[in-house]
Amino acid sequence: MKILILNGPNLNLLGRRQPEVYGTTTLADLEGRLRRVAEELSVEIDFRQSNHEGELVDWVQAAARDCAGILLNAAAYTHTSVALRDAIVAVDLPTVEVHVSNVHAREEFRRNSLIAPVCLGQVAGFGISGYEWALRGLVEHLRACVI
Ligand code: DQA
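First, a word on what this report is: a plain description of the structure on this page. (Residues numbered from 1 in each chain as written. Predicted model: local features only at pLDDT ≥ 70, side-chain atom pairs only at ≥ 80, totals over all residues. Heavy atoms only, no water.)

## Digging into the overall build of the protein chain
- Helices and strands together make up the secondary structure of the protein chain, namely five helices and five strands.
- Helices (α) and strands (β) of the protein chain occur, in sequence order from the N terminus, as β-α-α-β-α-β-α-β-β-α.
- Its C-alpha radius of gyration of 14 Å places the protein chain within 12% of the 15 Å reference for a compact globule of 147 residues.
- Structurally, the protein chain occupies a C-alpha span of about 40 × 30 × 25 Å along its principal axes.
- Every one of the 147 residues in the protein chain was classed for burial, and the buried ones make up 48%.
- For the protein chain, long-range pairs separated by at least 24 residues make up 77% of all intrachain contacts whose partners lie at least 6 apart in sequence.
- As displayed, the protein chain has an accessible area near 7200 Å², and 50% of this comes from carbon and sulfur atoms.
- A distance of 3 Å separates the average location of the 14 positive side-chain charges in the protein chain from that of its 18 negative side-chain charges. (Helix = DSSP H or I, 4+ residues; strand = E, 2+ residues; numbered from the N terminus. Rg over C-alpha atoms; globule rule 2.2 N^0.38 Å. Buried < 20%, exposed > 50% of the residue type's maximum accessible area, 1.4 Å probe, protein only. Contact = heavy atoms within 4.5 Å. Areas by Shrake-Rupley, 256 points an atom, 1.4 Å probe, with all protein chains shown as cover. Lys, Arg positive; Asp, Glu negative; His and termini not counted. Charge placed at Lys NZ, Arg CZ, Asp CG, Glu CD.)

## Remarks on the pairing of strand 3 (residues 69–73)
- Most of strand 3 is tucked away, with five of its five residues classed as buried.
- On strand 3, burial covers both faces: Gly69, Leu71 and Asn73 on one face and Ile70 and Leu72 on the other are all buried.
- The pairing of strand 3 with strand 4 (residues 95–99) spans three bridges and is classified as parallel. When the sheet's bridge partners are listed, Leu72 is paired in strand 4 with Glu97.
- Each parallel crossover has a hand, and for strand 3 linked through helix 4 (residues 82–91) to strand 4 it is right-handed. (Pairing = 2+ DSSP bridges. Right-handed = clockwise from strand over helix to strand, strands pointing away.)

## Thoughts on helix 2 (residues 27–41)
- Given a rise of 1.5 Å per residue, 15 residues ought to cover 21 Å, and the 21 Å separating the end C-alpha atoms of helix 2 matches this to within 8%.
- What helix 2 keeps buried is the set Leu27, Leu30, Leu34, Val37, Ala38 and Leu41. With its buried residues spanning 105° around the axis, helix 2 presents them on a single face. Pointing more than 90 degrees away from the buried face of helix 2 are the exposed residues Ala28, Arg36, Glu39 and Glu40.
- Looking one or two residues past helix 2, Ser42 carries a phi angle of roughly 60°, positive in sign. (Expected span 1.5 Å × (residues − 1). Arc of directions from axis to C-beta.)

## A look at the packing of helix 3 (residues 53–66) against helix 4
- For the pair helix 3 and helix 4, interaxial distance at closest approach is 9 Å and the crossing angle is 5°. Compared by their axis directions, helix 3 and helix 4 come out roughly parallel. Of the residues in helix 4, those in contact with Glu53, Leu56, Val57, Val60, Gln61 and Ala64 of helix 3 are Ala83, Leu84, Ala87, Ile88 and Val91.
- The residue makeup of the contact of helix 3 with helix 4, split by class, is nine nonpolar, one polar and one charged. (Axes fitted to C-alpha atoms, helices over the stretch in contact; angles between N-to-C directions. Parallel < 35°, antiparallel > 145°, perpendicular 65-115°, else oblique. Nonpolar A, V, L, I, M, F, W, Y, C, P; charged D, E, K, R; others polar.)

## A look at the sheet that holds strand 1 (residues 2–7)
- One open sheet holds the five strands; their spatial order is 2-1-3-4-5, and the pairing between them is parallel. Since the sheet does not close on itself, it has two edges, and those belong to strand 2 (44–49) and strand 5 (121–124), each with one partner. The average angle at which neighbouring strand axes cross in this sheet is 20°, direction not considered.
- Direction of pairing for strand 1 relative to strand 3: parallel, over a ladder of five bridges. Of the residues in strand 3, the one forming a bridge with Asn7 is Asn73.

## So, the site of the ligand
- Around the ligand, the surrounding shell consists of Arg17, Tyr22, Asn73, Ala75, Ala76, His79, His99, Val100, Ser101, Val103 and Arg110.
- At 2.6 Å from an oxygen atom of the ligand is found a side-chain nitrogen or oxygen belonging to Ser101.
- Split by residue class, the shell around the ligand holds five nonpolar, four polar and two charged. (Near = heavy atom within 4 Å. Polar contact = N/O pair within 3.5 Å; in protein donor to acceptor, adjacent residues only side chain to side chain.)

## Remarks on the side chain of Ser101
- Relative to the helices and strands, Ser101 resides in the loop between strand 4 and strand 5.
- Here Ser101 falls in the buried class, since its relative accessible area comes to 6%.
- Within polar-contact distance, the side chain of Ser101 engages the side chain of Arg106 at 2.9 Å.

Here is the structure:
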């Protein structure tokens, strides 16, 4: 079973960007942690980051070929991207929305997610640990579906 883990704009700066909000763990460290969790769960992950909306859309579309689900931190595109939302609906893969910060406790515009209504669930506010909980939850959901 393969899971696509997608990171949107500015997440390449994790560890350096507003550490008081996003912590000090880098994207590479996060990928390493998720690879260890994936091994424990016996799943494969495809971990990617892009600052470009169209590239993220292309990767969601490509996931339909060989992925069972998607973990998505669309970052700022969460609040603006009809294109990403439409791509998730189009591929019809269970998708979990992840945010490092608690988007509901920040600026008003971050409370609105165009992605959340088409997702299985959302994990926000647990720092980078949220990715791990989201991955575990998604895999458990997918395994329950195939039994
Ligand atoms: C974020 C929250 C978004 O509002 C913001 O634009 C990001 C990161 C998070 O992980 O907390 O870039 O998705």
